[in-house]
Amino acid sequence: MLYRTLKRLIDLGRTDGLAEKIDVFYATGKLTETEYNELTGMLSV
């Protein structure tokens, strides 16, 4: 659910401060490595 929400925010262009939040979610185990890599890749495009 968190992954889909983050992906939707990126799709909508609401990315202010999102990279840091994604890092925290990954560090706390809320995202898998695959999900983390995909989301950070989407941010850098």
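Note that the structure is predicted; figures quoted are calculated from it, not measured.

Draft legend 1. Main features of the environment of Glu-35. Residue placement: Glu-35 occurs in helix 3 (residues 33-43). Residue classification places Glu-35 among the partly exposed positions, given a relative accessible area of 23%. Expressed as a C-alpha distance, the spacing of Glu-35 and Arg-4, which sit 31 residues apart in the sequence, is 9.7 Å. If we skip the residues at most four places from it in the chain, Glu-35 touches Tyr-3 and Lys-30. Within polar-contact distance, the side chain of Glu-35 engages the backbone nitrogen of Thr-32 at 3.0 Å.

Draft legend 2. Layout of the pattern of salt bridges. In total, this model carries one salt bridge according to the counting rule given. Taking the shortest distance from any N to any O, the salt bridge between Lys-7 and Glu-38 comes out at 3.3 Å. Of this pair, Lys-7 sits in helix 1 (residues 2-12) while Glu-38 sits in helix 3; the two residues are 31 residues apart in sequence, bridging distant segments of the chain. For Lys-7, a relative accessible area of 29% puts it in the partly exposed group.

Parameters at a glance
Counting restarts for each chain: residues are numbered from 1 in the order of the written sequence. Only residues with pLDDT of 70 or above have their local features reported here, since the model is predicted, and side-chain atom pairs are shown and tallied only from 80 upward, although totals for entire chains, interfaces and linings are computed over all residues. With hydrogens and water set aside, each side-chain value is computed from the structure's full complement of heavy atoms. Secondary structure is summarised from DSSP: a helix means a run of H or I of at least four residues, a strand means a run of E of at least two, and numbering begins at the N terminus for each. Think of it in three bands: residues with accessible area under 20% of the maximum for their type are buried, residues over 50% are exposed, and the middle band is partly exposed, with areas taken using a 1.4 Å probe on protein chains only. Whether two residues are in contact is decided by their heavy atoms: any pair within 4.5 Å suffices. Within 3.5 Å is the distance limit for a polar contact, defined as a pair of N or O atoms, with the added protein rule that one can donate a hydrogen and the other accept it, and that residues adjacent in sequence qualify only through two side-chain atoms. Every case where a carboxyl oxygen of Asp or Glu lies within 4 Å of a side-chain nitrogen of Lys or Arg is listed as a salt bridge.

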